[in-house]
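# Tertiary structure, described
Chain residues, written in single-letter form:
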Amino acid sequence: MDTGRAAKFPFLRESAEFAEQNNADLEALLTSPSYEPARDRGVRRVMDALENSEVTYTPLMSDYDRLIEVMSYPFARMVVSMIGDRFLTKRYALAEAVRMNKILSGEDRETLLIVSEELGVTSTVDADGIIRMKFPDYLRLANRLKSVDWKLINCDIHSGLVYLPQEKFSRLMQNALQDKIESELPLMTPEEYRKYLRGPVDAVSMALEEAKAKYSPTGGEGMKNEFLPPCLVHILDMSRRGMNLPHSARFALVTFLHALGLDYDGIIRVFSESPDFSEEIAGYQIKHITGELSGTEGYSPPECKTMKTNGLCYNPDTLCQQEWMNHPLTYYRVKSRDRKEGQGGQQQGSGAQSKTDQ
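Residues numbered from 1 in each chain as written. Predicted model: local features only at pLDDT ≥ 70, side-chain atom pairs only at ≥ 80, totals over all residues. Heavy atoms only, no water.

## Looking at the pairing of strand β4 (residues 161-164)
Burial along β4 is one-sided: the residues Val 162 and Leu 164 are buried and none of Leu 161 and Tyr 163 is. For strand β2 (residues 131-134) and β4, the ladder comprises 4 bridges, and the chain directions are antiparallel. From the neighbouring strand, Met 133 faces β4, where its bridge partner is Val 162. As paired elements, strand β3 (residues 156-158) and β4 share 3 bridges and run antiparallel to each other. (Buried < 20%, exposed > 50% of the residue type's maximum accessible area, 1.4 Å probe, protein only. Helix = DSSP H or I, 4+ residues; strand = E, 2+ residues; numbered from the N terminus. Pairing = 2+ DSSP bridges.)

Next comes the structure, spelled out in structure tokens:
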């Protein structure tokens, strides 16, 4: 058994076998003083996801350190599962996957095959290091990557197999691991285990709220109408006047409001201002777009170019016309930031004046 590989890729069956050989079960992980470093490391994995979008990794030389690393992975998954927040789950899955991508890009042929098999991807690696992946697997994993480098026209394809350099293969495995973790979480946490997880869960929950405020376009303060881009102002006005919104406009409005942090009740309240409001119809559309019906994160708001293509770019102002302005959320962030900076300047000015008067 390669204990180094087990520590690098703790989702492997090899990692579970390593833990089993050392009698490292979940009860020992949660209760034994010997595994306190694993519990600390597990919390750190989740914190890394919130703070850095990537789980840190340091090469480990001793089998004990490697065992601690392996056991920290299920502990992190239990903490994430007990919190049960979709934002946290997706961010944690991405952070683990990014870490794996960076390590895997320098691994040997055997490890590449073991990892791809574990992630449900059929691939081969010949003696010259050429990696081949089945065409359907490539399509499934590459369809979210927007760079032209991933377009099929730029791929080397023979007999239903896509030929890939190792760095591109590792990037696709990142998507595969991210999907795997998201599909597996949340785990069912037995009631008898919950008392041991409450401390770590409370610590991560506090960090989660701070992260949500940091990454939210509103800074956790809720939607402010004065920061809305002209396109969304117009769509909201159409909705409030009972005008028939095209599907593209409803989609843009729901995804934008959802990205600002509004929940179902907040979004349905906006639609309820329309004279012909029907909660049954609007509610279904909202739950579908936000992912509540499917259990996924939902869709992202369309970019400015998509809004223009759909005829939804109304009354663009000078900020809209900046060369770098490419998304309604960017507009909102810039507007809210400028307002805060302006208020900060005014407060500083007032303070200086008071000091002079004294």
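From this point, things continue past the structure.
## Remarks on the nonpolar core
With 67 residues, the main nonpolar core has Leu 172 and Met 173 as its most contacted residues. Top contributing element to this core by residue count: helix α5 (residues 63-83), with 12 residues. Once residues within four sequence positions are removed from consideration, Leu 172 is found in contact with Met 133, Tyr 138, Leu 141, Ala 142, Leu 145, Trp 150 and Leu 164. One finds Leu 232, Met 238, Ile 267 and Val 270 within the second-largest nonpolar core, a separate group that totals 29 residues. (Core = buried A, V, L, I, M, F, W, Y, C linked by side-chain atoms within 4.5 Å. Contact = heavy atoms within 4.5 Å.)

## Notes on helix α13 (residues 264-271)
Within α13, 6 of the 8 residues are buried, leaving the element largely enclosed by the surrounding structure. Residues of α13 that are buried: Tyr 264, Gly 266, Ile 267, Ile 268, Val 270 and Phe 271. Check the buried side of α13 and you find it contacts α11 (230-240), α12 (247-259) and α14 (279-290). Of the residues flanking the start of α13, the one acting as N-cap is Asp 263, its side-chain oxygen 3.3 Å from the backbone nitrogen of Asp 265. (Polar contact = N/O pair within 3.5 Å; in protein donor to acceptor, adjacent residues only side chain to side chain.)

## With respect to the pattern of salt bridges
Per the counting criterion, the structure on display carries 21 salt bridges. Between Arg 5 and Glu 14 there is a salt bridge, and its shortest N-O distance comes to 2.8 Å. The two residues Arg 5 and Glu 14 agree in class, both being buried. The closest approach of N and O atoms between Lys 90 and Glu 182, which form a salt bridge, is 3.3 Å. Of this pair, Lys 90 sits in helix α6 (residues 86-104) while Glu 182 sits in helix α9 (residues 166-184); the two residues are 92 residues apart in sequence, bridging distant segments of the chain. According to the relative accessible area criterion, Glu 182 is partly exposed, its value standing at 24%. A single network of salt bridges, built from pairs that share partners, joins Arg 41, Arg 45, Glu 69, Glu 96 and Arg 99. (Salt bridge = Lys/Arg side-chain N within 4 Å of Asp/Glu carboxyl O.)

## Here's the deal with the environment of Tyr 332
Structurally, Tyr 332 can be placed in helix α16 (residues 328-357). There is a polar contact of 2.7 Å between the side chain of Tyr 332 and the backbone nitrogen of Lys 224.

## Section: the side chain of Asp 48
Relative to the helices and strands, Asp 48 is located in helix α4 (residues 36-52). For Asp 48, a relative accessible area of 3% gives the class buried. Those residues within four positions of Asp 48 in sequence are excluded, and the remaining contacts are Arg 41, Ser 53, Glu 54, Val 55 and Thr 56.

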